[in-house]
Amino acid sequence: MLAFSRSVGPRPPEPILPLELFRNRVFSVASAIGFVVGLALFGSVTFLPLYLQVVKGHSPTESGLQMTPMMAGVLVTSTGSGFLISRYGRYRAFPIAGTALATVGLCLLSTLDVGTSTAVAATYMLILGLGLGLGFLAVASPIHAFGEEQFLSAHMLQHIMLGDLAPLCMVAGLTGPL
């Protein structure tokens, strides 16, 4: 896609997402972490309801309600990490711990089968949610803190595009019409 965009025409004077932003190490690392966190979120939100409906035999409403532990974990840790980041000004440990915890949660979720109890599945979802919540806010904070003021709107766009839209499109492309 990058090669195609280079061949289409001259570089616009004011691009939507300037490529020189990726020269900033903080921006590049935060973008990569945001992409992985978004991919894990949208992948799990796509997979888990199907597992709960097809394998466990729950209705769509029940499967949505049974995902509450994951969303509660996201809510608690994103709020808590945001409070701690604003209070102490340190953010580095949160995306590291969040990515590690989300990886553990995804590995645990990969072991789900027909015989897995709902309580165990809920615990695995909670672990994933706790990890994802730590990664959300901790990715946006350093981008805004270390970014150049002239690119502030591009930073927000990057957070939306690479953290939300790109993983969503990737998951949709991989799963197809379910």
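Just above, that's the structure.
**Description of the overall build of the chain**
Thought 1: Along the backbone of the chain there are 7 helices and 0 strands.
Thought 2: Going residue by residue from the N terminus, the α and β elements of the chain occur as α-α-α-α-α-α-α.
Thought 3: Burial status across the chain gives 34% buried among its 178 residues.
Thought 4: Sequence-distant contacts in the chain: of pairs separated by 6 or more residues, those separated by 24 or more amount to 71%.
Thought 5: For the chain, the exposed surface amounts to about 10,500 Å²; the carbon and sulfur share of it is 70%.

**A closer look at helix α2 (residues 25-55)**
Thought 1: Between its first and last C-alpha atoms α2 spans 43 Å; for 31 residues at 1.5 Å apiece the expected length is 45 Å, and the two agree.
Thought 2: Looking at the residues trailing α2, positive phi occurs at Gly-57, about 80°.

**Some words on helix α4 (residues 68-88)**
Thought 1: The end-to-end C-alpha distance of α4, which contains 21 residues, comes to 30 Å, matching closely the 30 Å that a straight helix rising 1.5 Å per residue would cover.
Thought 2: Among all positions of α4, only Met-70, Gly-73, Val-74, Thr-77, Ser-78, Ser-81, Gly-82 and Ile-85 are buried. Seen from one end, α4 has its buried residues packed into an arc of 145°, which puts them on one side. Set apart from the buried face of α4 by more than 90 degrees, the exposed residues are Leu-75, Val-76, Ser-86 and Arg-87.
Thought 3: Remark: Gly-89 follows α4 within two positions and exhibits a positive phi of approximately 75°.

**So, the environment of Val-45**
Thought 1: Along the polypeptide, Val-45 turns up in helix α2.
Thought 2: What makes Val-45 partly exposed here is its relative accessible area of 32%.
Thought 3: Spatially, the C-alpha atom of Val-45 lies 9.3 Å from that of Met-70, the residues being 25 residues apart in sequence.
Thought 4: If we skip the residues at most four places from it in the chain, Val-45 touches Met-67, Met-70 and Met-71.

**Considering the nonpolar core**
Thought 1: Core analysis: the biggest nonpolar cluster contains 17 residues, and Leu-48, Met-70, Leu-109, Leu-112, Met-125 and Leu-132 have the highest contact counts within it.
Thought 2: Listed by contribution, the elements that provide at least two residues to this core are α2, α4, α5 (93-109) and α6 (118-146).
Thought 3: Here this core gets 6 residues from one element, more than from any other, and that element is α2.

**Looking at the side chain of Ser-63**
Thought 1: As for its position among the elements, Ser-63 is in helix α3 (residues 60-65).
Thought 2: When residues no more than four places from it in sequence are discounted, the contact partners of Ser-63 are Pro-49, Leu-52, Gln-53 and His-58.

**Some points on the environment of Leu-134**
Thought 1: In this structure, Leu-134 sits in helix α6.
Thought 2: The exposure class of Leu-134 is buried, given its relative accessible area of 15%.
Thought 3: Taking C-alpha positions, Leu-134 is 8.6 Å from Gly-82, a pair spaced 52 residues apart along the chain.
Thought 4: Each residue touching Leu-134, except ones within four places of it in the same chain, is listed here: Thr-77, Ser-81, Phe-94, Pro-95, Ala-97 and Gly-98.

**Overview of a nonpolar patch on the surface**
Thought 1: Nonpolar side chains collect at one region of the surface, where Leu-50, Val-54, Val-55 and Val-114 lie side by side and expose about 350 Å² of accessible area between them.
Thought 2: Assignment of secondary structure puts Val-54 in helix α2.

The rules behind each value
- Residues numbered from 1 in each chain as written.
- Predicted model: local features only at pLDDT ≥ 70, side-chain atom pairs only at ≥ 80, totals over all residues.
- Heavy atoms only, no water.
- Helix = DSSP H or I, 4+ residues; strand = E, 2+ residues; numbered from the N terminus.
- Buried < 20%, exposed > 50% of the residue type's maximum accessible area, 1.4 Å probe, protein only.
- Contact = heavy atoms within 4.5 Å.
- Areas by Shrake-Rupley, 256 points an atom, 1.4 Å probe, with all protein chains shown as cover.
- Expected span 1.5 Å × (residues − 1).
- Arc of directions from axis to C-beta.
- Core = buried A, V, L, I, M, F, W, Y, C linked by side-chain atoms within 4.5 Å.
- Patch = residues over 30% accessible without salt bridge, like charges linked within 9 Å, V, L, I, M, F, W, Y side chains within 5 Å.
- Salt bridge = Lys/Arg side-chain N within 4 Å of Asp/Glu carboxyl O.

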